[in-house]
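Descriptive analysis of the structure
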Amino acid sequence: MSFTEILGHDHVKAVLARLLSRGRLPGALLLTGPAGVGKKKLALEVARTLVCEEPSSEPSSCRRCGACGRSGKGIHPDVFVIEPSTKTAIKIDQVRDSVRDILSRPFEGRARAFIIDDAHLLTEEASNALLKSLEEPPATSHVLLVTAAPQSLLPTIRSRCQTVRVGALPPALVQGYLEEHAGLSPDDAQLRAALAAGSLGQALAFESDAYRGARDGVLKILETEPGGDVMGRLESAEWMADQEDVTLAVLALRSLVRDVAAVFIAETQGASAEVRLLNADVGERVLRVARGPLGARSVALWDAITDTQEALRGNANKALTMDVLIDAVAGA
Ligand SMILES: [Zn+2]
């Protein structure tokens with residue numbers, strides 16, 4: 001099996017491997033699916049395979065040749081990764097050079113690969129510039145667009161790409177990975193895998209400083225919001241919407257509310273067993289929130305959070321979505 005370093009997605013890997021081995025990889029490929037499941041990793045592996053100097057019968061980068069060394073370090077002259085320079089947009093000046101590069105011959109490899117990550121953030125101007133190069137790319141150029149929100153791409157871009165859907169990972173697979181590579185106990189790994197809903201990226205995010213930072217802000221909202229006033233709610237919603245990674249803030253809220261619900265249920269049902277908290281390091285604060293007005297509403301709030309996560313995946317208006325969510329937190 002090629003692409004072995006990427007978790008899961010056996011079917012997608014097989015499809016990509018077949019296209020590569022038959023030399024039939026389309027000029028424009030669109031990889032869609034939830035955030036954090038490995039879309040960009042798959043695109044990168046396709047790119048590395050395209051430039052590898054020792055392509056074997058099993059399509060995958062060999063990891064040994066000079067080209068693989070360079071592509072692994074991100075310095076191969078025929079592998080291009082275009083990412084939003086700001087969190088909100090891929091602008092025309094980022095794309096202009098790429099358009100010329102797409103139309104050019106490979107510098108040293110057999111082919112050139114252009115990965116455009118978070119492609120839904122291409123501005124209309126940038127999309128239109130890119131469009132020209134997607135119409136008739138040279139046979140040696142492959143553009144791989146990666147996005148969790150394909151519906152936000154210009155239809156003209158979408159129609160020029162062949163779409164490969166990359167689904168959520170099975171929770172058991174994520175759990176196994178967390179046990180093996182993050183050193184988590186089976187119970188912890190299972191909890192996190194369940195909360196991350198098939199996204200390895202989200203499951204791993206629980207460990208990051210960014211997650212802890214977002215969680216601290218969210219926890220303050222949970223501590224102050226119930227019973228707060230309209231102004232406070234607006235400020236909280238604004239704080240959420242202004243987060244660099246709103247998805248991460250909502251994930252933090254989801255994990256905290258999960259803990260609050262677990263404590264509330266255990267205490268109201270008089271369960272003597274110790275509750276296992278995802279956020280054990282801030283367990284005291286979670287306990288206080290669970291014993292406040294939020295405890296009884298935590299299960300209902302869970303549904304509101306699920307709706308929010310769906311809305312964000314659909315690229316809904318962030319500010320409005322956060323208003324609705326904070327109203328649910330506040331019980332307004
Ligand atoms: Zn190689």
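Each remark here, short or long, concerns the structure printed above.
Per-chain numbering applies: the sequence of each chain, read as written, is numbered from 1 onward. Thresholds applied to this predicted model are a pLDDT of at least 70 for local features of residues and 80 or more for the giving and counting of side-chain atom pairs; totals over whole chains, interfaces and linings are not thresholded and use all residues. Side-chain figures throughout are based on the complete set of non-hydrogen atoms in the structure, without hydrogens or water.

**Quick word on the coordination of the zinc ion**
Counted only if it meets this: Only nitrogen, oxygen and sulfur atoms within 2.8 Å of the metal, or 3.2 Å for Na, K and Ca, are treated as donors, and water is left out, so sites may look incomplete. Only four donors with every angle between 85 and 135 degrees are called tetrahedral; only four or six donors with opposite donors over 155 degrees apart and all others between 65 and 115 are called square planar or octahedral, in that order; all others are irregular. Each residue is assigned to one of three classes by its accessible area relative to the maximum for its type, calculated with a 1.4 Å probe on protein chains only: buried under 20%, partly exposed between the two thresholds, exposed over 50%.
Coordination of the zinc ion by the protein comes from C52 (SG), C62 (SG), C65 (SG) and C68 (SG), over a distance range of 2.3 Å. Viewed at the metal, the four donor atoms of the zinc ion are separated by angles of 103 to 118 degrees, and the geometry they form is tetrahedral. The sequence motif formed by the donor residues of the zinc ion is C-x9-C-x2-C-x2-C. Of the two residues examined, C62 and C68, each falls in the buried class.

**What to know about the sheet that holds strand β4 (residues 141-147)**
Heads up, the rule is: One bridge is not enough; two strands pair if DSSP finds at least two bridges between them. The way it works is that DSSP assigns letters per residue, a run of H or I at least four long becomes a helix, a run of E at least two long becomes a strand, and they are numbered from the N terminus. Lines fitted to C-alpha atoms define the axes, with helix axes restricted to the stretch in contact, and inter-axis angles between N-to-C directions lie between 0 and 180 degrees. We call two residues in contact when some of their heavy atoms are within 4.5 Å.
Pairing within the open sheet is parallel, and its five strands lie in the order β2-β3-β4-β1-β5. Looking at the sheet topology across the chains shown, the edges are occupied by β2 (79-82) and β5 (162-165). Each neighbouring strand pair of the sheet contributes to a mean axis angle of 20 degrees, computed without reference to strand direction. Strands in contact with helix α4 (residues 92-102) are β2, β3 (112-116) and β4; relative to β3, the strand with the most contacts, it is inclined by about 155 degrees.

**Topic: the packing of aromatic side chains**
To keep it simple, the criterion reads: Only centres within 6.5 Å qualify two rings of Phe, Tyr or Trp (six-membered ring in Trp) as a pair; their planes then separate them into stacked at under 30 degrees, edge-to-face at over 60, and tilted for everything else.
Taken as a whole and assessed by the stated rule, the structure comprises two aromatic pairs. An angle of 10 degrees between the planes, with centres 4.5 Å apart, marks the rings of F80 and F114 as stacked. Here F80, found in strand β2, pairs with F114, found in strand β3; they are 34 residues apart in sequence, far enough to count as distant. Under the relative-accessibility criterion, F114 is labelled buried at 0%. Ring plane angle 75 degrees and centroid distance 5.1 Å describe the contact between F206 and Y211, whose orientation is recorded as edge-to-face. In this structure Y211 comes out as buried when scored by relative accessible area, which is 1%.

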